[in-house]
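# Inside the fold
Here is how the chains run, residue by residue.
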Amino acid sequence: MGARPDLVVLHYTAMESHDAALERLCDPAAEVSAHWLISEAGETVALVPEERRAWHAGAGRWGAVEDVNSRSIGIELTNRGDHPFAGPQMAALERLLAQILDRWSIPPERVIGHSDMAPERKDDPGPRFDWRRLARRGLSVWPVAAGPADAPSPEAFDASARAFGYTAPVSHAARLAAFRLRFRPRAGGPVGPADMAAIADLAARFPVDRASPRA
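Residues numbered from 1 in each chain as written. Predicted model: local features only at pLDDT ≥ 70, side-chain atom pairs only at ≥ 80, totals over all residues. Heavy atoms only, no water.

### Considerations on the overall build of the chain
The helix and strand inventory of the chain stands at eight helices and five strands. For the chain, the α and β elements follow one another from N to C terminus as β-α-β-β-α-β-α-β-α-α-α-α-α. Relative to a compact globule of 215 residues, whose C-alpha radius of gyration would be 17 Å, the chain shows 16 Å and is just as compact. In terms of principal-axis extent, the alpha carbons of the chain reach across some 50 × 40 × 30 Å. In the chain, which comprises 215 residues, the share counted as buried stands at 51%. A fraction of 68% describes how many contacts in the chain between residues 6 or more apart in sequence connect residues 24 or more apart. Charge separation in the chain, taken as the distance between the mean sites of 26 positive and 28 negative side-chain charges, equals 4 Å. (Helix = DSSP H or I, 4+ residues; strand = E, 2+ residues; numbered from the N terminus. Rg over C-alpha atoms; globule rule 2.2 N^0.38 Å. Buried < 20%, exposed > 50% of the residue type's maximum accessible area, 1.4 Å probe, protein only. Contact = heavy atoms within 4.5 Å. Lys, Arg positive; Asp, Glu negative; His and termini not counted. Charge placed at Lys NZ, Arg CZ, Asp CG, Glu CD.)

### Regarding unusual backbone geometry
With an omega dihedral of 10°, the bond running from Asp124 to Pro125 counts as a cis peptide bond. For Pro125, the position within the fold is in the loop between α4 (114-117) and α5 (131-136). The backbone phi angle of Glu31 is positive, close to 55°, even though this residue is not glycine. Following the sequence through the fold, Glu31 ends up in the loop between α1 (18-25) and β2 (36-38).

### A word on the packing of helix α6 (residues 154-164) against helix α8 (residues 193-205)
It is at 8 Å that the axes of α6 and α8 come closest, and there the two elements cross at 30°. In terms of orientation, α6 lies roughly parallel with respect to α8. Read as a crossing pair, α6 and α8 show a hand that is left-handed. Note on element contacts: α8 touches α6 through Asp195, Met196, Ile199, Ala200, Leu202 and Ala203, opposite Ala156, Phe157, Ser160, Ala161, Ala163 and Phe164. The residue makeup of the contact of α6 with α8, split by class, is 10 nonpolar, one polar and one charged. (Axes fitted to C-alpha atoms, helices over the stretch in contact; angles between N-to-C directions. Parallel < 35°, antiparallel > 145°, perpendicular 65-115°, else oblique. Left-handed = near helix turned anticlockwise from the far one by under 90°. Nonpolar A, V, L, I, M, F, W, Y, C, P; charged D, E, K, R; others polar.)

### Let's talk about the environment of Phe183
By the secondary structure assignment, Phe183 is in helix α7 (residues 172-183). Those residues in contact with Phe183 that sit more than four places away from it in its chain are Val141, Trp142, Pro143, Phe164, Tyr166 and Leu202.

Right under this line is the structure:
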């Protein structure tokens, strides 16, 4: 049994087909599992009871949570990682997420990507995933236009990023890359004003300590 889940972690399968992903997730020798798998056609398959621990997250951290597997519900989306997510799949995800957040009283800011909790190691659900769509439906969060932020600097960015939840012990470059992968996938170069404004807004409205892990 795991602790009461207070995070949802989204993944892509990085496999060629739904059937191949299902076979791997059900293979004990693979030592990987998830609570849910959603096909491109929107078929939603329950694999592990939500109250039990699944092996989907691996090493990483979000806020104060270091054993993410024990505190989270993992959702795998059939997708190779190099193409958009299908409409029926996103609709099925939205239905499932709404149920999970209600069932476990999880706030939308604690719906994260694998890449958020494991920078440098993971990049799913990747730059083609529509986080803004989820946020519009109250199932995740998105930065809004904000006033002036601190002058761009690695130190200022990292401070706000940690306050929002990016607490994995990685370099500034890795933390910035993980943030951009989700919120500004077309951005490049050193941290800039748009990065600072976005992360400052997220940290101010959704400080990770506000939704501290529960026993």
